[in-house]
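Below, each chain spelled out in residue letters.
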Amino acid sequence: MIAHLRTYKVASGKMDSWLDVFKTKLVPLMAEHGIKVESYWVNEDATEFIWIRSYGTTLDEIETKEAAFYGSDWWLANVDYVRSHLRDREIKLIRRV
């Protein structure tokens, strides 16, 4: 499995709103485009959101599935709102062993 380990620093006071948009909008939208949310966590201070999303078994699947997700009508209409929740993000490519 090819996946991303993603760590997002969430803007002050926006964790609840972030969790709502993540669960109700982003997870279903990713699923529509073949991206699976494996799991997600919040750190003890509720300042970071840590999650894993998987794409399949090849690197090409990341490009194809992300292009479909990021090109979707909902994403294009809401990208600024979604990203307003985040101060920073770190993305690491990981593989299941």
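Residues numbered from 1 in each chain as written. Predicted model: local features only at pLDDT ≥ 70, side-chain atom pairs only at ≥ 80, totals over all residues. Heavy atoms only, no water.

Asker: Where do I start with the pattern of salt bridges in this structure?
Answerer: When the charged atoms of two side chains with opposite charge come close together, those side chains can pair. Summed over all chains, the structure comprises six salt bridges. A salt bridge links glutamate 90 to lysine 92; its shortest N-O distance comes to 3.6 Å. Take lysine 92: its relative accessible area is 43%, and that puts it in the partly exposed class. Via salt bridges that share partners, Arg6, Arg53 and Glu66 belong to a single interconnected network. (Salt bridge = Lys/Arg side-chain N within 4 Å of Asp/Glu carboxyl O. Buried < 20%, exposed > 50% of the residue type's maximum accessible area, 1.4 Å probe, protein only.)

Asker: Is there a simple way to explain the packing of helix 1 (residues 15-32) against helix 3 (residues 73-83) in this structure?
Answerer: Geometrically, a packed helix pair is captured by the angle between its two axes and the distance between the axes. Two numbers describe how helix 1 lies on helix 3: the axes approach to 13 Å, and their chain directions differ by 160°. Classified by the angle their axes make, helix 1 and helix 3 are roughly antiparallel. Crossing hand, helix 1 versus helix 3: left-handed. On helix 3, the residues that touch Ser17, Trp18, Val21, Lys25, Leu26 and Leu29 of helix 1 are Trp74, Trp75, Tyr81 and Val82. Within the contact of helix 1 with helix 3, the residues separate by chemical class into eight nonpolar, one polar and one charged. (Axes fitted to C-alpha atoms, helices over the stretch in contact; angles between N-to-C directions. Helix = DSSP H or I, 4+ residues; strand = E, 2+ residues; numbered from the N terminus. Parallel < 35°, antiparallel > 145°, perpendicular 65-115°, else oblique. Left-handed = near helix turned anticlockwise from the far one by under 90°. Contact = heavy atoms within 4.5 Å. Nonpolar A, V, L, I, M, F, W, Y, C, P; charged D, E, K, R; others polar.)

Asker: Where do I start with unusual backbone geometry in this structure?
Answerer: A negative phi angle is the norm for most residues apart from glycine, just as the trans form is the norm for most peptide bonds. With a phi close to 55°, alanine 46 is a non-glycine residue in the positive phi region. Inspection of the secondary structure assignment puts alanine 46 in the loop between strand 2 (36-42) and strand 3 (48-56). Looking at alanine 46, the relative accessible area reads 38%, which means it is partly exposed.

Asker: What should I look at first to understand the sheet that holds strand 2 in this one?
Answerer: Adjacent strands of a sheet form backbone hydrogen bonds with each other and so pair up, either parallel or antiparallel. The strand order across the open sheet formed by four strands is 2-3-1-4, and the pairing between neighbours is antiparallel. The open sheet is flanked by strand 2 and strand 4 (86-95), the only strands paired with a single partner. Within this sheet the neighbouring strands show an average axis-to-axis angle of 15°, counted without direction. Where strand 1 (residues 2-10) lies against strand 3, eight bridges are found, and the strand directions are antiparallel. Bridge pairing links threonine 7 to isoleucine 50 in strand 3. Packed onto the sheet, helix 1 meets strand 1, strand 2, strand 3 and strand 4 and runs at close to 5° relative to strand 3. (Pairing = 2+ DSSP bridges.)

That's the geometry; what it means functionally is another story.
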